[in-house]
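Single-letter residue listing:
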Amino acid sequence: MSTPTSPGTAPQGDTFRHGMMFVVALAVLTAIGLVLPHGDSGESFRGWLLTQTLFCVVIIALWAVVIIEGVLGLFFSSDAWSARLKRLLLTSLLPPLRMVTASSKPRGWLWLPGIGWKPAGEETSEKLEQKLALPMVVLTLLVLPVLGAELTGGETLENHPRMALATHLTTCVIWIGFTAEFLWMVAAAPNKLAYCLKNWINLVIILLPLVAFLRVLNAFRFTRMLRAGKLLRAYRLRGLWTRLWRLALLFNLLERLQQRDPVKYCAALEKKIADLEEELDELRTKLEQQRSKASAAVSMDPAGIKEASQGQG
């Protein structure tokens, strides 16, 4: 089991400040989730929200709070200024990261809501995963009614504003939950890159709506320069990303449900290992066959042997 990055006495104080900034960062994440395209519903609501001056003012105000608090926090840390400035830059560019880091955050420590300071590392990562396991399974199960509403409603879903809004808000909750969990787990993981590679499907679930949103924004920005066909292709591509997002959620749901049953999950892992070992045996067999063919070809070609000996000479 890995040791904390910065062993020693846990930091004290700043509970109110970190708690307040957690709420601010979560509010920014929620605002982002509300305007992202998560499916075939909510277009009217998203369009209306983006035109509201108050919504834009709130986003800017929350962003400013994160930046100002980050600048002030530079003077409450004891590590190198380069590390403080790096954390400030990250939270200024991506305010939701303020949930898991701050310019004044002691290196190797995490502040968890309702828990306090915990050392980053394998032990904290495992405890956090255990606490989040059941809530995340319940959250992932919400994809089933969303899929049901979108598949049964189809193009007529927007003709039922309340159902469309409920579907959009539900998908927002799913995306916000996955994003928050991923940020916390990456922050607590002893090897962040290994965690990202292992949980790539979660990363796909988080990034697909962002990519779709940026593509649509780009399409609208250059509407005058683009032909109608290109704009239509942009929407079709967003629809493709939406379907991929649903598939990723379903795949994640199956994985999480399997992990809730240790016996079935062990059986699935054993089958996966057996399949990989079988594939490895096949590759070794092919390799031996190719080596035999190569040896036979060299032995039957005196010129090749002569050239090889001359090359060695």
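Keep in mind that what you see is a predicted model, and the values were worked out from it rather than measured.

Focus: the overall build of the protein
(1) Moving on: Across its full length, the protein carries 12 helices and 2 strands.
(2) Moving on: Scanning the protein from its N terminus toward the C terminus, one meets helices and strands in the order α-α-α-α-β-β-α-α-α-α-α-α-α-α.
(3) Moving on: Within the protein, the fraction of its 313 residues that count as buried is 37%.
(4) Moving on: In the protein, the share of contacts with a sequence separation of at least 24, taken over all contacts with a separation of at least 6, comes to 72%.

Overview of the nonpolar core
(1) Moving on: Grouped together as the largest cluster of nonpolar side chains are 27 residues, with contacts concentrated most on Met 99 and Trp 184.
(2) Moving on: Residue assignment for this core shows that the elements contributing at least two residues are helix H1 (15-35), strand S1 (109-112) and helix H7 (161-188).
(3) Moving on: At 10 residues, the largest contribution of residues to this core is made by H7.
(4) Moving on: Once residues lying within four places of it in the same chain are set aside, the contact partners of Met 99 are Phe 22, Ala 25, Leu 26, Leu 29, Trp 111, Ala 180, Leu 183 and Trp 184.

Some remarks on the pairing of strand S2 (residues 116-119)
(1) Moving on: Judged from the 4 bridges that link them, S1 and S2 form a sheet pairing that is antiparallel. Bridge pairing in S2 links Leu 110 to Lys 118.
(2) Moving on: Between S1 and S2, which pair antiparallel one after the other, the connecting turn spans 3 residues, and Gly 114 there sits at a positive phi close to 75°.

A word on the pattern of salt bridges
(1) Moving on: What the rule picks out here adds up to 5 salt bridges.
(2) Moving on: When the shortest N-O distance is used, the salt bridge between Arg 98 and Glu 69 registers 3.1 Å. Taken together, the residues span a long stretch of sequence, with Arg 98 in the loop between helix H4 (81-93) and S1 and Glu 69 in helix H3 (residues 53-73) at a distance of 29 residues.
(3) Moving on: Residue class for Arg 98 comes out buried when judged on its relative accessible area of 4%.
(4) Moving on: A salt bridge links Arg 291 to Glu 288; its shortest N-O distance comes to 3.4 Å. One end of the pair, Arg 291, and the other, Glu 288, are both in helix H11 (residues 262-299), 3 residues apart, so they sit about a helical turn from each other.
(5) Moving on: A single salt-bridge network, built from bridges that share partners, covers Arg 17, Glu 69 and Arg 98.

Remarks on the packing of H3 against H4
For any two helices packed against each other, one specifies the inter-axial angle together with the distance between the axes.
(1) Moving on: Where H3 meets H4, the closest approach of the two axes is 9 Å, and the angle between their N-to-C directions is 175°. Compared by their axis directions, H3 and H4 come out roughly antiparallel. Mapping the contact onto sequence places Trp 63, Val 66, Ile 67, Gly 70 and Val 71 in H3 and Leu 88, Thr 91, Ser 92 and Leu 93 in H4.
(2) Moving on: The residue makeup of the contact of H3 with H4, split by class, is 6 nonpolar, 3 polar and no charged.

Focus on the packing of aromatic side chains
(1) Moving on: Within the structure shown, the criterion is met by 4 aromatic pairs.
(2) Moving on: Each ring, one from Phe 45 and one from Trp 48, has its centre 6.1 Å from the other, and the planes form 35°; the classification is tilted. With a gap of 3 residues between them, Phe 45 and Trp 48 both fall in helix H2 (residues 43-50), about one helical turn apart.
(3) Moving on: According to the relative accessible area criterion, Trp 48 is partly exposed, its value standing at 48%.

Remarks on empty space enclosed by the protein
(1) Moving on: Enumeration over the complete set of coordinates arrives at 2 cavities of 30 Å³ or more.
(2) Moving on: Estimates place the volume of the largest cavity at around 80 Å³.
(3) Moving on: Taken together, the residues of the lining of the largest cavity break down into 7 nonpolar, 2 polar and 2 charged.

Comments concerning a nonpolar patch on the surface
(1) Moving on: A surface patch of nonpolar side chains, amounting to about 700 Å² of accessible area, comprises Ile 68, Leu 72, Phe 75, Phe 76, Trp 81 and Leu 85.
(2) Moving on: Contributing elements (two or more residues each) for the nonpolar patch: H3 and H4.
(3) Moving on: Assignment of secondary structure puts Phe 75 in the loop between H3 and H4.
(4) Moving on: Taking relative accessible area as the criterion, Phe 75 reaches 60% and is therefore assigned exposed.

Rules behind the numbers
Residues numbered from 1 in each chain as written. Predicted model: local features only at pLDDT ≥ 70, side-chain atom pairs only at ≥ 80, totals over all residues. Heavy atoms only, no water. Helix = DSSP H or I, 4+ residues; strand = E, 2+ residues; numbered from the N terminus. Buried < 20%, exposed > 50% of the residue type's maximum accessible area, 1.4 Å probe, protein only. Contact = heavy atoms within 4.5 Å. Core = buried A, V, L, I, M, F, W, Y, C linked by side-chain atoms within 4.5 Å. Pairing = 2+ DSSP bridges. Salt bridge = Lys/Arg side-chain N within 4 Å of Asp/Glu carboxyl O. Axes fitted to C-alpha atoms, helices over the stretch in contact; angles between N-to-C directions. Parallel < 35°, antiparallel > 145°, perpendicular 65-115°, else oblique. Nonpolar A, V, L, I, M, F, W, Y, C, P; charged D, E, K, R; others polar. Phe/Tyr/Trp six-rings, centres within 6.5 Å; stacked < 30°, edge-to-face > 60°. 1 Å grid on protein atoms, 1.4 Å probe; cavity = no way out; pocket = protein on both sides within 12 Å on 5 of 7 lines; lining within 4 Å. Points joined across faces, edges and corners; volume = space filled by probe spheres on them. Patch = residues over 30% accessible without salt bridge, like charges linked within 9 Å, V, L, I, M, F, W, Y side chains within 5 Å. Areas by Shrake-Rupley, 256 points an atom, 1.4 Å probe, with all protein chains shown as cover.

Geometric values such as these leave the question of function open.
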